[in-house]
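Geometric and topological summary
Take a look at the letters that make up each chain.
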Amino acid sequence: MNQEENTFFSKNKKIILLLILLLIFLSAGFMFVNLKTAQVMSGLPSSEGTKKMSDEDIKAYANKKVSASQVRLEVYPVVTLESSKASLYIHNVPSNKVGQQAILYDEKDQKIGQTGLIKPSYEVDTITISSQLAEGNHKGRIQLVFYDLSTEKQVGKTSVAVSIEVKRE
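Residues numbered from 1 in each chain as written. Predicted model: local features only at pLDDT ≥ 70, side-chain atom pairs only at ≥ 80, totals over all residues. Heavy atoms only, no water.

Each helix and strand counted, the protein has two helices and eight strands in total. Counting from the amino terminus, the protein carries its helices and strands in the arrangement α-α-β-β-β-β-β-β-β-β. Summarising the internal contacts of the protein: among those between residues at least 6 apart in sequence, 60% fall at separations of at least 24. When the accessible surface of the protein is totalled, it reaches about 13100 Å², and 57% of it is carbon and sulfur. (Helix = DSSP H or I, 4+ residues; strand = E, 2+ residues; numbered from the N terminus. Contact = heavy atoms within 4.5 Å. Areas by Shrake-Rupley, 256 points an atom, 1.4 Å probe, with all protein chains shown as cover.)

Structure representation (structure tokens):
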């Protein structure tokens, strides 16, 4: 019986070994077939299906009135702090129907300055800051609060991420 057991186990060992080798071979083949090299795209996508706007269309778009529920934003995303002033650029475009106020926050979400009401066709390039930041670059945000000019009520707000550069004299 001992000899029968040895024969039985040696046959099973051969079958198991063959199954393991077959599994390894199939796995390697599957990986080889499905493994694709990464393709790096260069250049711009095709402009197929687009058309250039005519000069008349561009003029009509530029003169298009914005509805009362829409606002166009013009905010430069870099603010420079020097002494007690912050240089920034916020423009309330003429086609907007709302006034806006800009509030500058630092990376800890502490208010460090704000504008007065910016009416359509007006812009701001400097504000007085109420707190100091360490010299260097910081993250921050400008919150724009929108006001209906006829009812003098707040009608919305949004935020724009900015980089705050602090310079010392």
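What follows concerns the side chain of His138. With respect to the secondary-structure elements, His138 resides in strand S7 (residues 136-148). Engagement of the side chain of His138 in a polar contact is seen with the side chain of Glu107, the distance being 3.0 Å. Polar contacts involving the side chain of His138 include one to the main-chain carbonyl oxygen of Ala134, which spans 2.6 Å. Sequence-distant contacts of His138, defined by excluding residues within four places in its chain, comprise Glu107, Leu133, Val162, Ser163, Ile164 and Val166. (Polar contact = N/O pair within 3.5 Å; in protein donor to acceptor, adjacent residues only side chain to side chain.)

All right, on to the side chain of Asn96 then. Within the element layout of this structure, Asn96 appears in the loop between strand S3 (85-92) and strand S4 (98-105). Exposure remark for Asn96: the relative accessible area of 4% places this residue in the buried category. At a separation of 2.7 Å, a polar atom in the side chain of Asn96 contacts the side chain of Asn92. Beyond its immediate sequence surroundings of up to four residues, Asn96 is in contact with Gln70, Val71, Arg72 and Pro120. (Buried < 20%, exposed > 50% of the residue type's maximum accessible area, 1.4 Å probe, protein only.)

A word on the confidence of the model for the protein. The predicted model of the protein has a mean per-residue pLDDT of 81, with 78% of residues at 70 or higher. The least confident element of the protein is helix H1 (residues 2-34), whose mean pLDDT is 74; the most confident is strand S5 (residues 111-114), at 93. (pLDDT = per-residue confidence, 0-100.)

What follows covers the nonpolar core. Proteins that are soluble and globular tend to have nonpolar side chains buried together. Residues Val79, Leu81, Ile90, Leu104, Ile142, Leu144 and Ile164 are the most contacted members of the largest nonpolar core, which totals 22 residues. Residue assignment for this core shows that the elements contributing at least two residues are strand S2 (78-82), S3, S4, strand S6 (122-128), S7 and strand S8 (153-167). Leaving out residues up to four positions away in the same chain, Val79 has contacts with Ala86, Ser87, Leu88, Leu104, Ile142, Val162, Ser163, Ile164 and Glu165. (Core = buried A, V, L, I, M, F, W, Y, C linked by side-chain atoms within 4.5 Å.)

Here the focus is the pattern of salt bridges. One pass over the structure, following the stated rule, counts one salt bridge. For Asp109, the salt bridge is made with Arg141, and the minimal N-O distance between the two is 2.9 Å. Here the residue Asp109 occupies a position in the loop between S4 and S5, and Arg141 occupies one in strand S7, the gap between them amounting to 32 residues. Residue Asp109 is classed as partly exposed on the basis of its relative accessible area of 43%. (Salt bridge = Lys/Arg side-chain N within 4 Å of Asp/Glu carboxyl O.)

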